[in-house]
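Listed below are the residues making up each chain.
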Amino acid sequence: MKFISINRNLFDLFVQLVKTSFKMRYQNSILGVLWVLIKPYSTFLVMYLVWTKILNQNIPNYPIYLLLGIIFYTFVNELVIIGQMSLIDRAGIILKVNFPRQIAVLSSLVSALINLGINLILVIILMLSSGIAVTLSGILYCLFIAMIIFIFCWGLAFFTSIISIRFRDLKNILELGMFLLYWVTPILFTVSSGLIPSTFTSVVAGNPLGILLNQVRAGFNIYDQVNIPLMLLYMFCAIVFAVLGGVFFQHNVKRIAEYF
Amino acid sequence: MDKILKSFEPNARESQELAIKVENVSKTFYTNEDTKFSLRSLFSSFFRQGKTKKFRVLRNVNIEIKKGEFVGLIGKNGSGKSTLLKLIAGIYNPDHGGKIQVNGSLVPFLELGVGFNTELSGRENIYLNGTILGMTKKFLDSKFKEIVKFADLAEFIETPVKNYSSGMLVRLAFSIAIQSHADIYILDEILAVGDENFQRKSRKVINRFKREKKTILFVSHDTNAIQTLCDRAILIDEHEVCADGNPASVIQEYRRLIEPQAEIDAVKMPEGKTTGESFGEKLIEITDVKITDNAGKQKSVYTTADIINISISYKNNSSEPHDYYIGVAIGNEVGQVITGTNSKNYQQHSTLRQTGTTIYKLAGRYFVDGKYYVTIGVFDYNTEEALHFLSQMYSFDMLSYGKDIGQISLPAEWEVS
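Residues numbered from 1 in each chain as written. Chains lettered and ligands numbered in written order. Predicted model: local features only at pLDDT ≥ 70, side-chain atom pairs only at ≥ 80, totals over all residues.

Participant: I'm lost on the overall build of chain B in this one. Help?
Facilitator: Of the regular secondary structure elements, chain B holds 11 helices and 19 strands. Scored against the burial criterion, the 417 residues of chain B give a buried share of 33%. A separation of at least 24 residues holds for 73% of the contacts in chain B among residues at least 6 apart in sequence. (Helix = DSSP H or I, 4+ residues; strand = E, 2+ residues; numbered from the N terminus. Buried ≥ 20, exposed ≤ 12 C-beta atoms within 10 Å, placed from the backbone. Contact = placed C-beta atoms within 7 Å.)

Participant: Mind showing me how you'd approach the overall build of chain A here?
Facilitator: Assigned secondary structure in chain A consists of 10 helices and zero strands. Starting at the N terminus and walking to the C terminus, you meet the elements of chain A as α-α-α-α-α-α-α-α-α-α. Looking at chain A residue by residue over its 260 residues, the buried ones come to 33%. A fraction of 75% describes how many contacts in chain A between residues 6 or more apart in sequence connect residues 24 or more apart.

Participant: So what exactly am I meant to see when it comes to helix 6 (residues 137-151) of chain B here?
Facilitator: Because the α-helix completes a turn every 3.6 residues, residues three or four places apart line up on one side. Residue and element names in this part refer to chain B. The largest bend along helix 6 measures about 55° and falls at Lys143. Taken as a whole, helix 6 has its buried residues at Leu140, Ile147, Val148 and Ala151. Backbone geometry just after helix 6 places Asp152 at a positive phi near 60°. (Bend = angle between axes of the 7 residues up to and from the residue.)

Participant: Just checking my understanding: could you explain the nonpolar core for this structure?
Facilitator: The tendency in soluble globular proteins is for nonpolar side chains to be buried as a group. Ranked by internal contacts, the top residues of the largest apolar core, which has 124 residues, are Ile149 and Cys153 of chain A together with Val71, Ile88, Ala173, Ile186 and Phe218 of chain B. Counting 24 residues, the second-largest nonpolar core is a separate cluster that includes Ile286, Tyr325, Tyr373 and Tyr394 of chain B. (Core = buried A, V, L, I, M, F, W, Y, C linked by C-beta atoms within 7 Å.)

Participant: I keep staring at the environment of Gln298 of chain B and nothing clicks. Help me out?
Facilitator: Looking at the element boundaries, Gln298 of chain B is found in the loop between strand 11 (284-292) and strand 12 (301-303). Residues Gln298 of chain B and Asn309 of chain B lie 11 residues apart in sequence; the distance between their C-alpha atoms is 9.6 Å.

Participant: Looking at this structure, I do not really get the sheet that holds strand 3 (residues 70-74) of chain B. What am I missing?
Facilitator: Residues and elements named next belong to chain B. Ordered by their spatial adjacency, six strands build an open sheet running 5-6-7-3-8-9, and the pairing between neighbours is mixed. The sheet is open, and its two edges are formed by strand 5 (106-109) and strand 9 (240-245), each paired on a single side. Pairs of neighbouring strands in the sheet enclose a mean axial angle of 15°, with direction left out of account. The pairing of strand 8 (residues 232-237) with strand 9 spans five bridges and is classified as antiparallel. Following the sheet pairing, Ile236 is matched in strand 9 by Val241. Running over the sheet, helix 10 (residues 247-258) touches strand 3, strand 8 and strand 9 and is turned about 20° from strand 8. (Pairing = 2+ DSSP bridges. Axes fitted to C-alpha atoms, helices over the stretch in contact; angles between N-to-C directions.)

Participant: Got a minute to help me understand the packing of helix 6 (residues 136-166) of chain A against helix 9 (residues 208-219) of chain A in this structure?
Facilitator: Helices that pack against each other are described as a pair by the angle of their axes relative to one another and the distance between those axes. Residue and element names in this part refer to chain A. Between helix 6 and helix 9, the shortest axis-to-axis distance is 8 Å and the interhelical angle comes to 165°. Overall, the two elements helix 6 and helix 9 adopt an arrangement that is roughly antiparallel. The crossing of helix 6 and helix 9 is left-handed. Between helix 6, through Gly138, Tyr141, Cys142, Ile145, Ile148 and Ile149, and helix 9, the contact on the second element is made entirely by Leu212, Gln215, Val216 and Gly219. Here the contact of helix 6 with helix 9 is built from residues that sort into seven nonpolar, three polar and no charged. (Parallel < 35°, antiparallel > 145°, perpendicular 65-115°, else oblique. Left-handed = near helix turned anticlockwise from the far one by under 90°. Nonpolar A, V, L, I, M, F, W, Y, C, P; charged D, E, K, R; others polar.)

Participant: Help me understand the sheet that holds strand 17 (residues 355-363) of chain B, please; the structure alone is not making it clear to me.
Facilitator: To summarise the sheet geometry, strands pair through backbone hydrogen bonds and adopt either a parallel or an antiparallel arrangement. Residue and element names in this part refer to chain B. The strand order across the open sheet built from three strands is 11-13-17, with neighbouring strands paired in antiparallel fashion. Both outer strands of the open sheet, strand 11 and strand 17, are each paired with one neighbouring strand and no more. Strand after strand, the sheet turns through a mean of 20° between neighbouring axes, direction not considered. As defined by bridge partners, strand 11 adjoins strand 13 (residues 307-316) across eight bridges and the pair is classed as antiparallel. Bridging from a neighbouring strand, Lys290 pairs with Ser311 of strand 13.

Participant: Mind showing me how you'd approach the interface of chain A and chain B here?
Facilitator: By a widespread convention, an interface's size corresponds to the accessible area lost as its parts come together. Residue-level contacts link 25 residues of chain A with 27 residues of chain B. The set of elements that each furnish at least two residues to the side of chain A that touches chain B consists of helix 1 (2-26) and helix 4 (91-94) of chain A. Among the elements that make up the side of chain A that touches chain B, the one with the highest residue count is helix 1 of chain A (nine residues). Classifying every residue of the side of chain A that touches chain B by side-chain character gives seven nonpolar, eight polar and 10 charged.

Participant: I would appreciate a short explanation of unusual backbone geometry in the present structure.
Facilitator: One can expect most non-glycine residues to show negative phi and most peptide bonds to be in trans. Residues and elements named next belong to chain B. Phi at Lys213 is positive, roughly 60°, even though this residue is not glycine. Residue position: Lys213 is located in the loop between helix 8 (196-211) and strand 7 (215-219). Judged by the 12 C-beta atoms lying within 10 Å of it, Lys213 falls in the exposed class.

Participant: Can you help me understand the environment of Thr223 of chain B in this one?
Facilitator: Residue and element names in this part refer to chain B. Here Thr223 is to be found in helix 9 (residues 223-229). As for Thr223 and Gly72, which are separated by 151 residues in sequence, their C-alpha atoms are 9.3 Å apart. Those residues in contact with Thr223 that lie beyond four places of it in its chain are Ile251 and Asp369.

Participant: For this particular structure, what's the right way to read helix 3 (residues 62-89) of chain A?
Facilitator: A rise of 1.5 Å per residue sets the reference length of helix 3 of chain A, with its 28 residues, at 40 Å; its end C-alpha atoms lie 38 Å apart and thus fit the reference within 8%. Gly83 of chain A marks the point of greatest bend in helix 3 of chain A, at about 30°. (Expected span 1.5 Å × (residues − 1).)

Participant: I would appreciate a short explanation of the confidence of the model for chain B in the present structure.
Facilitator: For any part of a model where pLDDT is low, the fine detail of the predicted coordinates should not be relied upon. All names here are of chain B. Here chain B averages 80 in pLDDT, and 85% of its residues register 70 or above. Taken together, the stretch residues 1-14 has pLDDT below 50 and engages in zero contacts with residues farther than four places along the chain or on a different chain. Across the interface, the model reports ipTM at 0.77; the global pTM reads 0.66. (pLDDT = per-residue confidence, 0-100.)

What follows is the structure, given as structure tokens:
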């Protein structure tokens, strides 16, 4: 009986933390939850205009290609940065109450997942209105890849949240890393477009995030080919990484209270 | 036969009855001189070992608290009390070799309003704080009205908490916290906050916990509270357990530690001399005041078993004999006069030639715990004019073995039928 109520409480605590972080971001802003949509879509508009009108590139289905890239990149960016800060942000309650700290990490990540969901819904609507075929398999494939990314980043968050308590400038390093990642990932461009200098083509082509992105696009038949075995491999690696992260976290989390 | 059986299972029975077991627990903090938590420090330590200072906060603590015990934890600031609480609450981990066992659910009241988010409304914070403290949403739904009522915040429950006064915050936080049904509570000086009304409410709740036989570990600087509420007290000083047992004796030990000066003073000058005011024309001048017990011994702390003798010596500065009486007033720490009387009221008519001494004897039996200030005056018998007046120049500490509260302890009888 007590076991059930403890688990019930942990679930409720998790829900409360997610609700709180969501409210905190959008509570007093005028546009509220709309900001979730405005950021990627305004980025999209700017990039689209620059790329097609100014630079005169012509990639088939470019708007959706670009949009999917931006949305997923935003997803990864949020998972990485928020995941890293998840323990530091909750220092208040961590120092006063004993609860499984994994909940603090997971509740921070879930908000990124919710944002992705909202953005995807809008993309699907746009795709339908522009005549692109949206199949159920496409959507499921897209969600599958989102899961791979989520699980991997969860593992990453297990490592970074603990490490950044001891080394606070990890945040800056990750932000820099994400910025660099942006430009070696085929978000704006395609791997084959002639804009990439030859020295970087292998990096861009081999970039796992790029591969994942292209698979999402492939699922909707916009670009590239679907490669399910490869994605299963990726999922396996992500799970292994997450498990390692979990072990690292469990082992080190007891000592963090003294480093705040 | 029973004894033999018992000897085979002493631990099982013991652990059933114990709520908290602290075994050989020490806690050391490491502070780096270079406290910048950056990668630079990682590199620099490769080449130069930054000085890491070891800071021993607790040393070899062994405590066993039985279920249902109400234990008070006292000690000077910095003695390690809060660290011990955090260790028991599972927030810190003991150094290698130490072990802490907790049997039963534990709710720490280390800070009221843990997790309170100022942007959210009172309602939202009830759920947030409540789940942090271990309650489920369903439970909070059922207790919501009660929480709001106890905190007296029905009108404001939907407004953001940042608009609450500090009193409102404390009421809300406390109201949520007491709904948690745990076996063990750890209270860290939380009764010290709030106005009188709130203090009364919190006392009531603590008493309810006591009646429900909850295990409570209570940290406070309020020795009166420790005396009245606790069955047992533990004193921590210099990072170790100094005393453990009956609250009255542990508090005495505590007083001795925080007022070591009093011991020295007892040797050098009259016990309990404090700076007060002295005025009067000094036709008759008070030369000496001694506060002792009936045996003539000057003590740092008197108990309710003592009879306090205030011995006042004085001399006549004029050449003529003078009719006089002595007045004494005893006040408490809050400035109230507990008792004020004089020898004239007691039909003492004296004439002073050169020197004299009057002893005012007062039964300690009527006092409650606290520090008392003594005001003494010598008056002209006929005009009742103060000839020499020493206002609150002396003090003595009273430790009561009884548990009465209020300003004085009156003798009474109880008839139960």
